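In case you want the letters, here they are:
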Amino acid sequence: MKAVRWFRDRDYVETVEGLFFTVVSNLHPQDRVIAYLKYAPSSSGLWGNKVKYSRMMPYYDIPSLLNTIQLLEQQYPHYVYDCPFMGIKISAVPLNYIKQHFKPEERLANLREESRDELESLALELAEYIAGQAGISLSNFGVTGSILVDIHRPEFSDVDLVVYGRNNALKVKETLRELYREGDVLKRVEGAKLEALLERRVKIFHLTREEAFELTMRKWNRGMFRGRDFSVHPVKVEEEVKGRFEDRVFKGLGVVELKATVADNQEALFMPAVYTVKDVEVTNGPREAKDIVEVVSYEGLYIDIAEPRERIMVRGKLERVEDRAGGSYFRVLVGSPEAKGYDYIKPLLKN
């Protein structure tokens, strides 16, 4: 029997106040949805038509997320969740405050049936092209971002797609890499746009330019199509999601720095990205860190950037994970409030 469609990563929800939140991950508490504030009504906003909206997260990083949580605490405190399982304050939308649930696959399907503006046509064309080249059905794709909630601006908005399911995502990954090598229809970000992207990542993630360039070149899911920036984000379907949000409790033990070898990266495609690791060498932090078995990232930059057998450097929040079914283990979380944007996953490059 097919699983019921619940809230998936990259969905959007609109609240009763007209706020737009982006859903994070596929696991949520029973009474609310983990999500971050993306757009809010504003007379000076650049998005939307009849109603104008401002983007509340100028950058996709933890300091920007913390700023939105602070804003919510002041103006909409019912969207701040002091989570007893994660041990931190996060933004989350109670189910009874949701006015509308936006699903990327439905929006993309509707684009085939209705009149479209220039950007919507481009989004549909791109999805059809990638699906055709990868040999998978268009029904496995969706469109997210400002197009999903119909507040996009054709003159400057990007195209943000999702692809559903692990096998489909792997096919798209290899297809995009090949299409970039050909360079005819799809291209990697280049020229002035690449320099601006690198400069931004150096500033936001506290990287060297060399590190920012290496990570950017490993990111297969971002490119350019007919001069417009695009992204493709793998998202799990319900059959691929294990357990419940409440199954694990996380206890923070401080910030740790280490080197480790990637043992498996099958879960690194998704949000959050999970790398199973071995041969851990702690360079700074609590002694428990030597027993770490996984590195988890909520920072999008570090999704799917390291391969099995590759050595990585990590800085993040050490957590003890208590499984309600019994047992415990240690992990490092990249993208925590405690690290304040100074955490990372970096491939340990050979000279």
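From a predicted model like this one, the values you see are computed outputs, not experimental measurements.

What follows concerns the overall build of the protein chain. Per the secondary structure count, the protein chain includes six helices and 18 strands. Its C-alpha atoms give the protein chain a radius of gyration of 20 Å, near enough to 20 Å, the size a compact globule of 351 residues would have. Each principal axis of the C-alpha distribution contributes one length, and for the protein chain these read about 60 × 50 × 45 Å. Out of the 351 residues in the protein chain, the part that is buried amounts to 52%. Accessible area of the protein chain: about 16,400 Å², with a carbon and sulfur share of 48%. Of the charged side chains in the protein chain, 52 are positive and 54 negative; the average position of the first set lies 2 Å away from that of the second.

This next bit is on the packing of aromatic side chains. The tally for this structure, following the rule as stated, stands at ten aromatic pairs. On the basis of an interplanar angle of 50° and a centroid distance of 5.1 Å, the ring pair of F20 and Y53 is categorised as tilted. In this pair, F20 sits in strand β2 (residues 20-23) while Y53 sits in strand β4 (residues 53-55), placing the two residues 33 residues apart along the sequence. Accessibility expressed as a relative area gives 8% for Y53, which makes it buried. A centroid spacing of 5.9 Å and a plane angle of 65° characterise the contact between F20 and F102, whose relative ring orientation is edge-to-face. One end of the pair, F20, is in strand β2; the other, F102, is in strand β7 (residues 98-102), and 82 residues separate them in sequence. F102 shares its class with F20; the two are buried. Grouped by ring-pair contacts, the aromatic residues F21, Y76, Y79 and Y97 constitute a single cluster.

To continue, consider empty space enclosed by the protein. Going through the model one piece at a time under the given rule, you end up with one cavity of 30 Å³ or more. Lining the largest cavity are R188, V189, L194, L197, R201, T216, M217, K219 and R222. At the level of elements, α5 (191-205) and α6 (209-218) are the ones that each hand at least two residues to the lining of the largest cavity. Ranked by the residues each element gives to the lining of the largest cavity, the list is headed by α5, at three residues. For the lining of the largest cavity, the per-class residue count stands at four nonpolar, one polar and four charged.

Reading across from one edge, β8-β9-β12-β11-β10 is the order of the five strands in this open sheet, with mixed pairing throughout. Each edge of the open sheet carries a strand with a single partner, namely β8 (141-144) and β10 (186-187). Relative to strand β11 (residues 222-225), β10 runs antiparallel, the two being bridged by two bridges. Looking at the pairing, K187 lines up with M224 of β11. The strands that helix α2 (residues 104-111) touches are β8 and β9 (159-164); relative to β8, the one it contacts most, it runs at about 95°.

Attention shifts here to the nonpolar core. Within the largest apolar cluster, 49 residues are counted, with the highest numbers of intra-cluster contacts made by L258, Y275, V277, I292, V295, Y302 and I345. One finds A131, I147, L161 and V232 within the second-largest nonpolar core, a separate group that totals 31 residues.

So, about the side chain of S297. Residue placement: S297 occurs in strand β15 (residues 292-297). There is a polar contact of 3.0 Å between the side chain of S297 and the backbone oxygen of E299.

Here we come to helix α1 (residues 62-75). A rise of 1.5 Å per residue sets the reference length of α1, with its 14 residues, at 20 Å; its end C-alpha atoms lie 20 Å apart and thus fit the reference within 8%. Among all positions of α1, only I62, S64, T68, I69 and L72 are buried. For α1, the angular spread of the buried residues around the axis is 160°, confining them to a single face. Structurally, α1 contributes buried residues whose contacts are with β2, β3 (32-41), β5 (80-83) and β6 (88-94).

Now for helix α4 (residues 166-182). At 3.6 residues per turn, the α-helix brings residues three or four places apart onto the same side. A rise of 1.5 Å per residue sets the reference length of α4, with its 17 residues, at 24 Å; its end C-alpha atoms lie 25 Å apart and thus fit the reference within 8%. For α4, the complete set of buried residues consists of R166, N168, A169, V172, K173, T175, L176, L179 and Y180. With its phi angle positive at about 70°, G183 sits one or two positions after the end of α4.

Reading guide: rules and limits
Residues numbered from 1 in each chain as written. Predicted model: local features only at pLDDT ≥ 70, side-chain atom pairs only at ≥ 80, totals over all residues. Heavy atoms only, no water. Helix = DSSP H or I, 4+ residues; strand = E, 2+ residues; numbered from the N terminus. Rg over C-alpha atoms; globule rule 2.2 N^0.38 Å. Buried < 20%, exposed > 50% of the residue type's maximum accessible area, 1.4 Å probe, protein only. Areas by Shrake-Rupley, 256 points an atom, 1.4 Å probe, with all protein chains shown as cover. Lys, Arg positive; Asp, Glu negative; His and termini not counted. Charge placed at Lys NZ, Arg CZ, Asp CG, Glu CD. Phe/Tyr/Trp six-rings, centres within 6.5 Å; stacked < 30°, edge-to-face > 60°. 1 Å grid on protein atoms, 1.4 Å probe; cavity = no way out; pocket = protein on both sides within 12 Å on 5 of 7 lines; lining within 4 Å. Points joined across faces, edges and corners; volume = space filled by probe spheres on them. Nonpolar A, V, L, I, M, F, W, Y, C, P; charged D, E, K, R; others polar. Pairing = 2+ DSSP bridges. Contact = heavy atoms within 4.5 Å. Axes fitted to C-alpha atoms, helices over the stretch in contact; angles between N-to-C directions. Core = buried A, V, L, I, M, F, W, Y, C linked by side-chain atoms within 4.5 Å. Polar contact = N/O pair within 3.5 Å; in protein donor to acceptor, adjacent residues only side chain to side chain. Expected span 1.5 Å × (residues − 1). Arc of directions from axis to C-beta.

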